[in-house]
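An overview of the molecular structure
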Amino acid sequence: MRNLLIACGVACLFGGTVWASMVRSNEAFTVTWDDRDGTLSSLVMNGDPDGMNWIEGTDRWGAIRLHRMEWKGGKDTWGDTVRMEFAGLRTEGDTVISSYRLGPIGAEVRRRVCADGLEESYVFTDKESYPVYFLRGHLGILAPFNDSYAKASVSETKRCHAHLWCGGENSWVRALKMGPFPTELALVLQKGNLDAYSVRRIGAEISNDRGDFVLHPAPFHLKPGESRTIAWKLVAYPAGKFEETLLRQGGVKIAFRNETIFPDETFEVDVTVPNGTVTHHSRKPEKGVGVYNFTFEAGGKRAKARGYCAPKFDDLVKARVDFIVGRQQCLEKDSPLYGAYLIWDTEDDAPYFDYLWRDHNASRERVVMALTVARWLQRHDDPTARRSIDLFERFVLREFFDEKTCTVYDTIGKDPKHKRLYNAPNLVQFWRELYYLKGDRRYLDYIEKSILDYYRLGGDR
């Protein structure tokens, strides 16, 4: 294992010791601290020709945020979270310690790069004379895995997918490059309890940036002077070997035969502990349709999981079709939306459309509702649904599909400034389902012309 201290130009003074940006490495990866606040600024796999930083975000790895309400200049900040204030950086042997304070809470973050990974522990202490309580989401630790989207050549080499599971004492993250790469990265909880995560998003990036992940410990409270620790380990491992790595690092593997079942089926679950022992569990859905919570005492941990018992498939699809036809179709004859399937606000029990915010318009993914209805009709004689799909077809032809050119527009009105290639494949599938339903060969013409137009306009790019 290599331990290095590298200067970066401007040094800072903490507790009488001169520090610059600190770098520690093992055989797998190299980690760099940010000397300004004691967080981590990068983790790079050794030998990666692209030098991807696995932990890039709008904030640093390990930044701590606390829920706090206070009165500032007459402005109430209910519900805000505040970043803990940096109090210093020091070392104890090969352990690097960052200290923080905010209100009654002190935090000490201890990090050590060892032969097979990076060990991190977050110790929270009540520094005041009164108890402190945390609800879900009140305490958050930033884990900004580099999960975002740029052009394909950048995404495949410099971005990763992060899969998070906050399952109580058995929690983990699996991160892997978007493109081929021989190594993946795992975070495995060693101590404490994580029961949720949230995401801090960048509004301007919309869905292209998955945001900064925030890991949330389960609700707890501290008495004066009492401490609580959350600890995990980051390890690199050969691609495709996550489950072996999870068990080797003390995690528990939970494998459902099916997470979703129907009322006449049974949940079948295998639980594997670190020594390889597998325990099988069966459970009937005793309360019928609904969510089922599972807790397993395994490997010295309480491992949590969740399953769902769904209605019988035909009953589920019929209920969905009935809702689309009966609630989500616009029946206002004097509206350009006449015949459209609209978003439904289940809280206010009302339809919704937004011309400017196009993800909420009446085309785009709304067409998938029509696919559902059309497929249902191929197997069921439903006059009400048949009238509904005919009305939707007339809406499509009138408002966002050109029968002559088979151009697909992004929203109502066939505005040539608003074409969207992404919408065309959904329309192609819709015409296919209508051909299966009605047998009219004009739908085949729509399909052929739509595909040709799609590639003519650059759909392959």
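Relevant structure appears above.
On a predicted model such as this, the values are computed, not experimentally measured, just so you know. (Residues numbered from 1 in each chain as written. Predicted model: local features only at pLDDT ≥ 70, side-chain atom pairs only at ≥ 80, totals over all residues. Heavy atoms only, no water.)

**Structural notes on the pattern of salt bridges**
Note the cut-off: When a carboxyl oxygen of Asp or Glu lies within 4 Å of a side-chain nitrogen of Lys or Arg, that pair is called a salt bridge. We count a stretch as a helix when DSSP gives it H or I for four or more residues in a row; a strand needs E for two or more, and each element gets its number in order from the N terminus. Burial classes: relative accessible area under 20% of the type maximum marks a residue as buried, over 50% as exposed, and values in between as partly exposed (1.4 Å probe, protein chains only).
Here the structure, examined in full by the defined rule, presents 34 salt bridges. Residue aspartate 349 is joined to arginine 327 by a salt bridge in which the shortest nitrogen-to-oxygen separation is 2.7 Å. Placement of aspartate 349 in the loop between strand S30 (343–345) and strand S31 (350–352) and of arginine 327 in helix H3 (residues 313–328) is noted, with a sequence separation of 22 residues between them. Judged by relative accessible area, aspartate 349 falls into the partly exposed class, the value being 45%. Among the salt bridges present, the one from glutamate 393 reaches arginine 442, with a minimum N-O distance of 2.8 Å. With glutamate 393 in helix H5 (residues 383–399) and arginine 442 in helix H7 (residues 442–456), this pair connects stretches of sequence that are 49 residues apart.

**A short note on the side chain of threonine 245**
Selection rule: In what follows, residue pairs with any heavy atoms lying within 4.5 Å of each other are defined as contacts.
Here threonine 245 lies in helix H2 (residues 242–248). On the accessibility criterion, threonine 245 (0% relative accessible area) is buried. Once you skip the residues sitting within four places of it in the chain, threonine 245 turns out to touch Ala186, Val235 and Tyr237.

**Brief notes about the sheet that holds strand S27 (residues 278–283)**
Put simply, the rule is: Here, strands pair whenever DSSP counts at least two bridges between them. Every axis corresponds to a line fitted to the C-alpha atoms, with the helix fit spanning only the stretch in contact, and the corresponding angles, defined between N-to-C directions, vary from 0 to 180 degrees.
Judged by pairing direction, the sheet is antiparallel, and its three strands sit side by side in the order S24-S26-S27 without closing on themselves. At either margin of the open sheet sits one strand with a lone partner, and together these are strand S24 (253–256) and S27. Strand after strand, the sheet turns through a mean of 20° between neighbouring axes, direction not considered. Pairing geometry for strand S26 (residues 267–272) and S27, over six bridges, is antiparallel. Its bridge partner lying in S27, aspartate 270 is registered against histidine 280.

**Some thoughts on the side chain of histidine 216**
Note the threshold: Polar contacts, as counted here, are pairs of nitrogen or oxygen atoms within 3.5 Å of one another; within protein the pair requires one atom able to donate a hydrogen and one able to accept it, and residues that are adjacent in sequence qualify only if both atoms are side-chain atoms.
When you line up the elements, histidine 216 lands in strand S21 (residues 212–217). Of the polar contacts made by the side chain of histidine 216, one reaches the side chain of serine 198; its length is 2.7 Å.

**Describing the packing of aromatic side chains**
Stated formally: Any two of the Phe, Tyr and Trp rings considered here, Trp counted by its six-membered ring, make a pair once their centres fall within 6.5 Å; the pair's planes then place it as stacked at under 30 degrees, edge-to-face at over 60, or tilted in between. Any Lys NZ or Arg CZ that is within 6 Å of a ring centre and within 35 degrees of that ring's normal is treated as a charge sitting over the ring.
All told, the structure shown has 25 aromatic pairs when counted by the stated rule. Judged by centre distance (5.7 Å) and plane angle (65°), the ring pair of phenylalanine 395 and phenylalanine 400 falls under edge-to-face. For the pair shown, phenylalanine 395 and phenylalanine 400 are each scored as buried. Clustering of aromatic rings is evident, with ring pairs tying together Tyr341, Phe392, Phe395, Phe400, Phe401, Phe430, Trp431, Tyr443 and Tyr446. Above the ring of phenylalanine 181, the side-chain terminus of lysine 177 is found at 4.2 Å from the ring centroid. Residue placement shows arginine 283 over the ring face of phenylalanine 294; its charged tip is 5.0 Å from the ring centre.

**Side note on H3**
Stated precisely, the cut-off is as follows: What a helix is expected to span follows from its residue count: subtract one and scale by 1.5 Å.
Taking 1.5 Å as the rise per residue, H3 with 16 residues should run 22 Å; its terminal C-alpha atoms sit 21 Å apart, in good agreement. The secondary structure elements touched by the buried residues of H3 are S30, helix H4 (367–377) and H5.

**Details of a nonpolar patch on the surface**
Our working definition: For patch building, the residue pool is restricted to those with more than 30% relative accessible area and no salt bridge; the joining distance is 9 Å between like charges and 5 Å between nonpolar side chains (Val, Leu, Ile, Met, Phe, Trp, Tyr). Computed with the Shrake-Rupley method and a 1.4 Å probe, the accessible areas treat only the protein chains shown as cover for residues.
A cluster of nonpolar side chains, namely Val289, Val291 and Tyr308, defines an oily patch on the protein surface of about 230 Å² accessible area. On the secondary structure map, tyrosine 308 appears in strand S29 (residues 301–309).

**Section: the packing of H3 against H4**
Spelled out, the test is: When an angle is under 35 degrees it counts as roughly parallel; over 145 it counts as roughly antiparallel; between 65 and 115 it counts as roughly perpendicular; any other value is oblique. A clockwise turn of the near helix away from the far one marks a right-handed crossing, whereas an anticlockwise turn of less than a right angle marks a left-handed crossing.
As a packed pair, H3 and H4 sit with axes 10 Å apart at the nearest point and diverge in direction by 120°. The pairing of H3 with H4 is recorded here as oblique in orientation. Both H3 and H4 take part in a crossing whose hand is left-handed. Contact residues: Asp314, Val317, Lys318, Arg320, Val321, Ile324, Val325 and Gln328 in H3; Met369, Thr372, Val373 and Trp376 in H4.

**With respect to the sheet that holds strand S25 (residues 260–261)**
Taken in spatial order, the three strands make up an open sheet running S25-S29-S28, and their pairing is mixed. Lying at the two open borders of the sheet, with one neighbouring strand each, are S25 and strand S28 (290–298). Pairing of S28 with S29, which is carried by nine bridges, proceeds in the antiparallel orientation. The partner of alanine 298 across the bridge, within S29, is lysine 301.

**Things to note about the pairing of strand S17 (residues 160–165)**
Residues Cys160, Ala162 and Leu164 of S17 are buried on one face, while the alternating residues His161, His163 and Trp165, pointing to the opposite face, are not. Joining the antiparallel neighbours S17 and strand S18 (residues 172–177) is a turn of six residues, in which glycine 168 adopts a positive phi near 80°.

**Examining unusual backbone geometry**
One non-glycine residue, arginine 364, lies in positive phi territory at about 35°. Following the sequence through the fold, arginine 364 ends up in the loop between S31 and H4. When its relative accessible area of 12% is taken as the criterion, arginine 364 is described as buried. Its identity is not glycine, yet lysine 414 carries a phi of approximately 50°, on the positive side. For lysine 414, the position within the fold is in the loop between H5 and helix H6 (424–438).

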